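Structural features, examined
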Amino acid sequence: MSITLEKDASGKQLNIAIEGVFDFKLMQEFRKSYNTAEDVECFILDFSGVEYMDSSALGMLLNMRKSVGSETRIVIKDAQPAVGKILAMSRFDKKFEIES
Amino acid sequence: MKTIKVMIVDDVLFIRHVMIASLEHLGVDCIAAESGKAALELFQQHEIDVILMDVMMPDLDGFETTRLIKAQSGERHVPVIFMTALSESDAIQRCLESGGDDFVNKDIDPIVLLARIRAHARTKELTRQIHQKSDEISRLYDELSNEYQMARHVMESITAENDMQVPNLITHLKSMSVFNGDLFLCARRASGGVCFFLGDFTGHGLPASIGAMPASQVFFESNRQQSSLSETAKRLNSVLTRCLPDYMFCAAIIGELDAEGQYLKIWHGGLPDIVWLKEGEGITRELESRHMPLGILEDNEFDASTRTFRLKTGEHIVFQTDGLIESIGTNGEMYGYERLVGLLGRSARERQTLTSYVPGLLEDWQQFCGDNLEQDDMSLIVLSPGPLNPPEGRVELPDLLPWKTELKLSPDEIRSDIDPVNFLLSQITLPTCYSGHLSYLTTILKELYSNALEHGLLELDSSMKHSEDGMMEYYAEREQRLQRLADGEIAMSIGLYSPDAPHTLHITVSNTGEGFDYTSIKDGEPVIEGDELHGRGVALVQGMCKHLEYSDKGRTVEASYVLS
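Please read these numbers as outputs of a predicted model, since none were measured by experiment.

Regarding the interface of chain A and chain B
Counting residues at the interface gives 34 residues for chain A and 34 residues for chain B. When chain A packs against chain B, close to 3,100 Å² is buried across both sides, 60% of that on carbon and sulfur atoms. Of all residues in chain A, Arg31(A), Tyr52(A) and Met89(A) give up the largest surface area on contact with chain B, accounting jointly for 18% of the area buried on that side. Taken together, the links from chain A to chain B amount to three salt bridges. The partner of Arg31(A) in a salt bridge is Glu468(B), and the shortest N-O contact between them spans 3.6 Å. Our count for the contact surface shared by chain A and chain B stands at seven residue pairs in polar contact (both at pLDDT 80 or more). Looking at the side of chain A that touches chain B, the element that brings in the most residues is helix 2 (residues 55–68) of chain A, giving nine residues. Class assignment for the residues of the side of chain A that touches chain B results in 13 nonpolar, eleven polar and ten charged.

Next up, the structure:
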């Protein structure tokens, strides 16, 4: 269970890779990952390593959406089928770019 | 020292007598033949160590007699020393040509002759010992071959479960002996996906393949039980640590590809990097091993974490044991990872299809190795994405008997490190065709359990979660109240007990709290409208269940879930 950050060369895109179970136990680490980022125009959330996600994680994502502002892109990338299903059922495509 | 037995062959009575007298005096056992014919007969009747042969004899001469004796003795070595006169020096060449081993002058000092006889007797004895040993070795070899055959039969029966009918996986396996130190296993998942194992045991041949037996059994059994990839890795490590001697282990990759052929999950311990190729682009990723090989670490030290990758069209993923890259070429150098990666990258850039670049690679490898056959086992597996063919013999939905499993948790048990939902679900075994439902069941139970705990027993207000800070506060408060929680109970049950709905699971979660306004968390659909941050859990569960109902002031929630 961990979060890995990686900025692209331009410094405008931040890749946040989440691994393991994504729930409230990751809240502080997850919040820090986007709050400490400066001048980022696009966040890529790499979900390929997320094995399980619960509704508290959905809340954390919505909080992120609010916090970074609606003009900043947030892309949720490569979610595994079970996790992708949860995002789809909650209609997260309305506020996030879901890329698979 | 054993007495040496010498046969003297000479047609001259006087010489026979002189020789016998002088040699017997020195402790040599002698018999004499007056002609070549007599010599052949005596040779068959006696165990003779050395023959002293006259050259000039009527009828059969010494050369011919020697030839016949040598032919008769076959693989048994019988030294023949020719006795010549000085004038016959031109005959030396012929002595040796006829198979003679040595020659002496007839007037040789008996002591010197004895030394020569002894030297030849020793050679004869050594040759006899070598033959005896080699007979023993070939007998052992035959025995071993029989045993190998039997062991191989056992191995083949075990790996017969391998389902190789998956076009997404192309395998190139090559073994240096009857038994392979490399092991490739492949099994279909009930979900339609495929699970595979590529392992390289230390060494090669029979000792290396012994580990394959427990490994195969655990792999297939684990797969039948629909265990997760991590669980399979854990079980394989555990059995190999227990079974293998300390100096033996197994570098391995365990992988799982889903039915859509999109998601690849990997546990990688100790094999060479996994290479990602993209047609038209080249090498896009080289994935290093993250773990120690199987069979080294104890259960509590073992790291079973896996990584998941989403595969794209046109990608090929190459798995291998070190056999190929560590092959020694005719130039005495190793084939090497760089050469392999260079070749693969070039092929992929040139947009070659799978069918052309793997044979090309193997051809390059064979050319590199030439006749250098002393190599390790080698395996090369290429995986490509895309929907898998349906597994053969898919199971129909089976009839089930009614059952119910229940779990009641006290505050201390709620505080324990054991996840109650995973625990409850681990107690039930659904028929394998239902395994795809486990992730939904996990979500349903976890959400309902969280609500029962957070709103029921801990009386937290979910409206706190509206903001980032509120959410932090909410979970901090949750932790504090949980530590203080003294009374109360949460009960969870799951079962299949309605005769009218034979494939419907019933789930109940109840708590002994004061009750809460379940409408505040229930009306969540559509979830994301109006930045509503709470209530998503119940909405999610509603979306997955056929029916969901709160009762008893929110203390009890019942859900039904259809297995189909």
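Some words on the packing of helix 5 (residues 110–159) of chain B against helix 7 (residues 212–224) of chain B
All names here are of chain B. Their axes nearest at 9 Å, the elements helix 5 and helix 7 cross at an angle of 20 degrees. Relative to helix 7, helix 5 is oriented roughly parallel. Crossing geometry of helix 5 relative to helix 7 is assigned as left-handed. For the pair helix 5 and helix 7, the contacting residues are Ala-151, Val-154, Met-155, Ile-158 and Thr-159 in the first and Ala-212, Met-213, Ser-216, Gln-217 and Phe-220 in the second.

Some points on the state of the cysteines
Residue and element names in this part refer to chain B. On inspection of all chains with the given rule, the structure shows zero disulfides over all chains. No disulfide involves Cys-195; its sulfur sits 8.4 Å from that of Cys-186, the nearest cysteine. With relative accessibility at 1%, the residue Cys-195 sits in the buried group.

Remarks on the side chain of Lys446(B)
Mapped onto the secondary structure, Lys446(B) falls in helix 13 (residues 438–457). Among the residues examined, Lys446(B) registers a relative accessible area of 16% and is labelled buried. Setting aside anything within four residues of it in sequence, one finds Lys446(B) in contact with Tyr52(A), Asp419(B), Val421(B) and Asn422(B).

Quick notes on the confidence of the model for chain A
Averaged over every residue, the pLDDT of chain A is 87; the share at 70 or more is 99%. By mean pLDDT, the top-scoring element of chain A is strand 4 (residues 73–77) of chain A (93), and the lowest-scoring one is helix 3 (residues 81–89) of chain A (84).

A few points about helix 1 (residues 13–25) of chain B
Residue and element names in this part refer to chain B. Taking 1.5 Å per residue as the helical rise, helix 1 with its 13 residues ought to reach 18 Å, and the 18 Å between its terminal C-alpha atoms agrees with that figure. Where the residues of helix 1 are buried, they touch strand 1 (5–9), strand 2 (29–33), strand 3 (50–54), strand 4 (80–84) and helix 5. Once helix 1 finishes, Gly-27 follows within two positions and takes phi at roughly 90 degrees, a positive value.

Describing helix 14 (residues 468–484) of chain B
For helix 14 of chain B, built from 17 residues, the straight-helix expectation of 24 Å at 1.5 Å per residue is met to within 8% by its first-to-last C-alpha distance of 25 Å. Within the span of helix 14 of chain B, buried status applies to Glu468(B), Gly470(B), Met471(B), Met472(B), Tyr474(B), Tyr475(B), Arg478(B) and Leu482(B). On its buried face, helix 14 of chain B is in contact with helix 1 (27–35) and helix 2 of chain A together with helix 11 (411–415) and helix 13 of chain B.

A look at the sheet that holds strand 16 (residues 403–409) of chain B
All names here are of chain B. The antiparallel open sheet is built from five strands, whose spatial order is 16-17-18-20-19. In this open sheet, the two strands that pair with only one neighbour each are strand 16 and strand 19 (547–551). If you compare each strand with its neighbour and ignore which way they point, the axes differ by 10 degrees on average. Direction of pairing for strand 19 relative to strand 20 (residues 556–562): antiparallel, over a ladder of five bridges. Bridge pairing in strand 20 links His-547 to Ser-560. Docked against the sheet, helix 12 (residues 420–427) engages strand 16 and strand 17 (490–496), running at close to 155 degrees with respect to strand 16.

Remarks on the environment of Glu301(B)
Residue and element names in this part refer to chain B. Relative to the helices and strands, Glu-301 resides in the loop between strand 12 (282–287) and strand 13 (307–310). Along the backbone, Glu-301 and His-316 are 15 residues apart, and their C-alpha atoms lie at a distance of 33 Å. Within polar-contact distance, the side chain of Glu-301 engages the backbone nitrogen of Glu-298 at 2.8 Å.

Procedures and definitions
- Residues numbered from 1 in each chain as written.
- Chains lettered and ligands numbered in written order.
- Predicted model: local features only at pLDDT ≥ 70, side-chain atom pairs only at ≥ 80, totals over all residues.
- Heavy atoms only, no water.
- Contact = heavy atoms within 4.5 Å.
- Buried area = accessible area lost by both parts, 1.4 Å probe.
- Salt bridge = Lys/Arg side-chain N within 4 Å of Asp/Glu carboxyl O.
- Polar contact = N/O pair within 3.5 Å; in protein donor to acceptor, adjacent residues only side chain to side chain.
- Helix = DSSP H or I, 4+ residues; strand = E, 2+ residues; numbered from the N terminus.
- Nonpolar A, V, L, I, M, F, W, Y, C, P; charged D, E, K, R; others polar.
- Axes fitted to C-alpha atoms, helices over the stretch in contact; angles between N-to-C directions.
- Parallel < 35°, antiparallel > 145°, perpendicular 65-115°, else oblique.
- Left-handed = near helix turned anticlockwise from the far one by under 90°.
- Disulfide = S-S within 2.5 Å.
- Buried < 20%, exposed > 50% of the residue type's maximum accessible area, 1.4 Å probe, protein only.
- pLDDT = per-residue confidence, 0-100.
- Expected span 1.5 Å × (residues − 1).
- Pairing = 2+ DSSP bridges.

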